[in-house]
Amino acid sequence: EDKAALQAINSRANSLTTLSHTLDLQLPSVATDLMVSAFPRPIDPPAQRTDCTWHYLSIYPQSITDDGFAMYSQFLGERALTERGEPRKGVYSSDAVTIPAIRALMIDHLRRMLYDTKLEDTQLLSLVSSLHLVGFSKGGVVLNKLITELSNVPLIQGDVLSNYGDLHLGLHFVDCGLHTAGAYLQDRKVLDACFVPGPRPFLLHSQPLDFEVTVYTTPRQRSDPQRPWLDYERSMMLMHLGVPTVRPPVPTGWRYGAKRGVSVRCMDDVFGPTPFTALEGLRTHMLAIVRLCTYFRALQAISH
């Protein structure tokens, strides 16, 4: 069943990417189509869990410029972005913008799903036990902003016990890249301060966070000779998170690291010969989502 499902995933991806002359492969709707086809059913929860429901949300940019640049101003703030939707000078502020936006988004979604509920906002958010945020391409700026904000949120000190279970927070960087600096965080103090275990305000007032970070790249972003800083930024962030650096040739398979309570895994996909034509580069860039989901399915099948 899994083999047939994976063949269907790749077939669906190929059918979409062959239309690249007329179809914008970076549209969130297309990315969501690929992700949902890659997960025809949710990752199975443990057998004893019968109350677990998975939801997929595709977050569109606040706006797209006439030149086609996505602007995630709802998560970063308009003044923090350049005219191309990139962080000014590659710097992210710790002002609380992303955390309230994610909280409001979750509340709105849960109220739509439970339209006749009488639950308060806090009770709704307590239903969420796992939250995976996937930043694809420029969408990685939202993850960077969230990490920066969390690094500035103090832990709840003392013997205060949380009234809620741990929240598993997955941050997945999928072939992220910008035309300027800032695709990956470089500030060791920010990374260390974010990934400290313990209860802190996020979705709820006081809730322990269990972190997971995935970094997945293709030659589209990692080996672009016009943007050599991308590979350096990625390598430095991974090194700060405990993943050892490697020299070419790029090894196949996952590399793992763990530091200060965060589980980290990284894959540098090759896709055969390094593509730099406009068509093939964009195709492999988009297929990164499918390949990542494929590996997730394989890992999940092995773990069960």
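Here, the structure is the one placed above.
Asker: Residue-level account of the overall build of the protein, with values.
Answerer: Assigned secondary structure in the protein consists of ten helices and eight strands. Sequence separation of at least 24 residues holds for 70% of the intrachain contacts in the protein that already meet a minimum separation of 6.

Asker: Break down the nonpolar core for me, citing the residues and quoting the values.
Answerer: With 53 residues, the main nonpolar core has Leu-131, Phe-173, Phe-195 and Phe-202 as its most contacted residues. Once residues within four sequence positions are removed from consideration, Leu-131 is found in contact with Ile-102, Met-106, Leu-167, His-168, Leu-169, Gly-170, Phe-202 and Leu-203. Among the nonpolar cores identified, the runner-up in size contains five residues, and Phe-136, Val-174, Tyr-216 and Met-267 belong to it.

Asker: Give a description of helix H9 (residues 229-240) that names residues and reports values.
Answerer: Because the α-helix completes a turn every 3.6 residues, residues three or four places apart line up on one side. Here H9 is twelve residues long and its end C-alpha atoms lie 16 Å apart, about the 16 Å a rise of 1.5 Å per residue gives. Buried residues of H9: Leu-230, Glu-233, Arg-234, Met-236, Met-237, Leu-238 and His-240, and no others. Following H9 by one or two positions, Gly-242 adopts a phi angle in the positive range, close to 95°.

Asker: Could you give an account of the pairing of strand S6 (residues 207-217), with specific residues and numbers?
Answerer: Of all eleven residues in S6, ten are buried; the element is thus mostly enclosed. Here strand S4 (residues 167-174) runs beside S6; their pairing, made up of eight bridges, is parallel. For Leu-169, the partnering residue across the bridge sits in S6 and is Phe-211. Bridge analysis of strand S5 (residues 199-200) against S6 gives two bridges, and the strand direction is antiparallel. Counted as the bridge partner of Pro-199 is Pro-208 from S6. In this structure, the hairpin formed by S5 and S6 is closed by a connection of six residues.

Rules of the game
- Residues numbered from 1 in each chain as written.
- Predicted model: local features only at pLDDT ≥ 70, side-chain atom pairs only at ≥ 80, totals over all residues.
- Heavy atoms only, no water.
- Helix = DSSP H or I, 4+ residues; strand = E, 2+ residues; numbered from the N terminus.
- Contact = heavy atoms within 4.5 Å.
- Core = buried A, V, L, I, M, F, W, Y, C linked by side-chain atoms within 4.5 Å.
- Buried < 20%, exposed > 50% of the residue type's maximum accessible area, 1.4 Å probe, protein only.
- Expected span 1.5 Å × (residues − 1).
- Pairing = 2+ DSSP bridges.

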